[in-house]
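As a plain string of letters, each chain reads:
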There are 2 protein chains.
Amino acid sequence: MTILCLDIGGTQLRAALFDRNDRLLQQKRIPTLAHEGRVTQRIFDLVADIWPSHAPVEAISAAVPGPITPAGRILSAPNVPEWQDFPLQESLQKRFGVPVLLANDANLAALGEWQYGAGQGCRNMLYLTISTGIGGGIICDGQLLTGSEGLGAELGHVPVSTEGPRCSCGQPGHLEAYASGTAIAAWVREQRAAGRATALTGPLDARGIAEAARRGDPLAREAYERAGFYLGLALSGFLHVFNPRVVVLGGGVSQSGDLLFVPLRATLAQRLFRPAYLHTLRLMPGQLGDNAGLLGALVLARQRL
Amino acid sequence: MTILCLDIGGTQLRAALFDRNDRLLQQKRIPTLAHEGRVTQRIFDLVADIWPSHAPVEAISAAVPGPITPAGRILSAPNVPEWQDFPLQESLQKRFGVPVLLANDANLAALGEWQYGAGQGCRNMLYLTISTGIGGGIICDGQLLTGSEGLGAELGHVPVSTEGPRCSCGQPGHLEAYASGTAIAAWVREQRAAGRATALTGPLDARGIAEAARRGDPLAREAYERAGFYLGLALSGFLHVFNPRVVVLGGGVSQSGDLLFVPLRATLAQRLFRPAYLHTLRLMPGQLGDNAGLLGALVLARQRL
């Protein structure tokens, strides 16, 4: 039967229909925020819009930008202030009358890459998505790790320093505060304000800094070296703890390629306490791009139903 | 049938026989190191010594001080220099003609505490053993996490700082280098050498420092506050990643009680980025003491056979 998958992102709402053979039948996307209409209502409209007229829908499965409790509540979500401990599962279920599955978007992206992308065939995989923030997903012996309350796999929120810059979550020294796109831009801004030479002018983002780095701007290069160092440092700890076969890096910042991967690999090689952790490891970019979350929602539905 | 369990420690070799109902039939212990006899030979002698004359042994299951490869080789073990990539599983199997199961001692202690001790009934548990070093074991959705090459759950070897003191593994800034018994003693030694006032004289160990702290020695108290801080900091990251229901602290240093647990809990409460991580968490000392590894070996045998 048909599965209706949703990816609820901070900028876009995406919906897709998959048939019983996991073939994509149709997809739609709309902006998450608009002048009128709350996000919940916009999601209802999108689902109604893509709902198939002739085939029954077996379930709705959604990737959500925030942790989900076992009861299907969203504790909070960036860019969606109307969701504070919000019962999204119940709301969708009541409105559409089919089972609803929800999971954290980074967790589902991990599941998607594991089943259809970079992690196919392995039993232990770590997924990091590096964009505005840093999210994570963990496949542990063939199972998605969620923790006892659905709050696990927050790989951006591990301390790599006792103090250090404040993370978006308010804590000091988290990986996300050193290596997310936001952190890369904040560091360049700070260095520029302190008088460091750079060709970068005006407002800054991680993509613009990557372009400047490719043109040889030393401050921009250093910004990616620094982010790569902290990612490599945190990853050394993750390898000691999980000993995965595959590590997948997704998200916009990971598309900076060698700028990030070279210092990351160098740090990792230096900071592992046994070379054996690297012997069978594959460290690679994600293969599914923006579709990882939607495909992960499909995998979740197939696993649960 | 009878299971012969071994706990191969740095100072003691222990063996125990359990019957089909998991009742302890007999146990023996001898020192690991002696003037004559290599450790492997001493283990053979101990096993032969406790081998039951009337009941068949179904398997030998052993807790080993070091990581085990999937092929049953010990990469290296503290205090046992003769083991460098040593095929212990094969050696025992050849000598005694029964199946042999091996696992890391901290992993098995976790399994023991989960089945028979502090973690009974939960699906997600984290175990830290704090003594000379810091070891770990992780029960993830009811399964022992070992990683793809048996090198996982090294919870002492996560970086909590970019630089910092060298760990026993050679890397800077690992949790073990801040919060193990060795690290606590090294820090007090360093502070004393730098002229800090303390009643502590002569050689130092974590137990003696705990006693001095209880008598009010300020440097000794500070040493445990510092260790508790770093444990709490690292644990905040572990909770964000694993979201366990139970955290169990074992090993000699954990027996210092409030000296360690008070600063640890205070740091944890401060450094978690959502209070929800604490809502259902139980943080407690191990209940099985020295028997955790042996009982874990029994659990492993029951799971695998």
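Structure: above.
Bear in mind that the values here come from a model prediction, so they are computed numbers and not experimental data.

**Q** Can you tell me about the overall build of chain A, naming the residues and giving the values?
**A** A count of helical and extended segments in chain A gives 10 helices and 12 strands. Computed over C-alpha atoms, the radius of gyration of chain A comes to 20 Å, within 12% of the 19 Å expected from 2.2 N^0.38 for 305 residues, which places it in the range of a compact globule. Overall, the C-alpha framework of chain A stretches about 60 × 50 × 35 Å when taken along its three principal axes. With 305 residues in all, chain A has 60% of them scored as buried. Looking at chain A alone, contacts between residues at least 24 apart form 60% of all its contacts between residues at least 6 apart. Approximately 12,400 Å² of chain A is accessible, and the part contributed by carbon and sulfur atoms is 49%. Chain A carries 27 positive and 25 negative side-chain charges, and their two centres are separated by 4 Å.

**Q** Can you explain the relation of the copies chain A and chain B? Please cite residues and give values.
**A** Expressed as a screw operation, the relation of chain A to chain B combines 0.0 Å of axial shift with a rotation of 180°, fitting to an RMSD of 0.0 Å. Those values place the two copies in the arrangement expected of a two-fold rotation axis. When the interface residues of chain A are mapped onto chain B, 100% of them again lie at the interface, so the same face is used by both copies.

**Q** Give me the packing of aromatic side chains: which residues, what numbers.
**A** All names here are of chain A. Evaluation of the coordinates by the stated rule reveals 13 aromatic pairs over all chains. On the numbers, 3.9 Å between centres and 15° between planes, the contact of Tyr178 with Tyr230 is stacked. Here Tyr178 is found in helix H4 (residues 176-179), whereas its partner Tyr230 is found in helix H7 (residues 218-242), with 52 residues between them in sequence. Three or more aromatic residues joined by ring pairs make a cluster, and in this case those are Phe44, Trp51 and Phe96. The positively charged end of Arg95 is found above the aromatic ring belonging to Phe96, 4.5 Å away from the centroid.

**Q** How would you summarise the pattern of salt bridges if you had to cite specific residues and measurements?
**A** Counted according to the given criterion, the structure contains 18 salt bridges over all chains. The shortest N-O distance in the salt bridge between B:Glu163 and A:Arg271 comes to 3.5 Å. One end of the pair, B:Glu163, is in the loop between strand S10 (143-144) and helix H4 (176-179); the other, A:Arg271, is in helix H8 (residues 258-271), on a second chain. Overall, the relative accessible area of 46% leaves B:Glu163 in the partly exposed class. For A:Arg271, a relative accessible area of 9% corresponds to the buried category.

**Q** How would you explain empty space enclosed by the protein if you had to name every residue and give the values?
**A** What the rule picks out here adds up to 3 cavities of 30 Å³ or more. Surrounding the largest cavity, 15 residues form its lining, A:Val158, A:Phe238, B:Val158, B:Pro159 and B:Phe238 being those nearest its centre. When grouped by side-chain class, the residues that make up the lining of the largest cavity number 13 nonpolar, 2 polar and no charged.

**Q** Outline the sheet that holds strand S8 (residues 125-130) of chain A, listing residues and values.
**A** Residues and elements named next belong to chain A. Spatial ordering of the open sheet is given by S10-S9-S8-S11-S12, a layout of 5 strands whose pairing is mixed. If you trace the sheet from one side to the other, it starts and ends with strand S10 (143-144) and strand S12 (282-285), each paired once. The pairing of S8 with strand S9 (residues 134-140) spans 6 bridges and is antiparallel. Its bridge partner being in S9, Ile130 is matched across the sheet by Ile134. Relative to S9, helix H3 (residues 105-116) is tilted by about 50°, and along the sheet it contacts S8, S9, S10 and strand S11 (246-250).

**Q** So what about the interface of chain A and chain B? Which residues, and what values?
**A** By convention, interface size is frequently given as the accessible area that disappears when the constituent parts associate. Counting residues at the interface gives 48 residues for chain A and 48 residues for chain B. Between the two partners, chain A and chain B, sit 4 salt bridges. The salt bridge involving A:Arg245 is made with B:Glu149; its shortest N-O contact spans 2.6 Å. Seen at the junction of chain A and chain B, the total is 29 residue pairs in polar contact (both at pLDDT 80 or more). Going through the elements one at a time, strand S5 (74-76), S9, H7, H8 and helix H9 (276-279) of chain A are the ones with two or more residues in the side of chain A that touches chain B. The element contributing the most residues to the side of chain A that touches chain B is H7(A), with 9 residues.

Rules behind the numbers
- Residues numbered from 1 in each chain as written.
- Chains lettered and ligands numbered in written order.
- Predicted model: local features only at pLDDT ≥ 70, side-chain atom pairs only at ≥ 80, totals over all residues.
- Heavy atoms only, no water.
- Helix = DSSP H or I, 4+ residues; strand = E, 2+ residues; numbered from the N terminus.
- Rg over C-alpha atoms; globule rule 2.2 N^0.38 Å.
- Buried < 20%, exposed > 50% of the residue type's maximum accessible area, 1.4 Å probe, protein only.
- Contact = heavy atoms within 4.5 Å.
- Areas by Shrake-Rupley, 256 points an atom, 1.4 Å probe, with all protein chains shown as cover.
- Lys, Arg positive; Asp, Glu negative; His and termini not counted.
- Charge placed at Lys NZ, Arg CZ, Asp CG, Glu CD.
- Least-squares fit on C-alpha atoms with pLDDT ≥ 70 in both.
- Phe/Tyr/Trp six-rings, centres within 6.5 Å; stacked < 30°, edge-to-face > 60°.
- Lys NZ or Arg CZ within 6 Å of the ring centre and 35° of its normal.
- Salt bridge = Lys/Arg side-chain N within 4 Å of Asp/Glu carboxyl O.
- 1 Å grid on protein atoms, 1.4 Å probe; cavity = no way out; pocket = protein on both sides within 12 Å on 5 of 7 lines; lining within 4 Å.
- Points joined across faces, edges and corners; volume = space filled by probe spheres on them.
- Nonpolar A, V, L, I, M, F, W, Y, C, P; charged D, E, K, R; others polar.
- Pairing = 2+ DSSP bridges.
- Axes fitted to C-alpha atoms, helices over the stretch in contact; angles between N-to-C directions.
- Polar contact = N/O pair within 3.5 Å; in protein donor to acceptor, adjacent residues only side chain to side chain.

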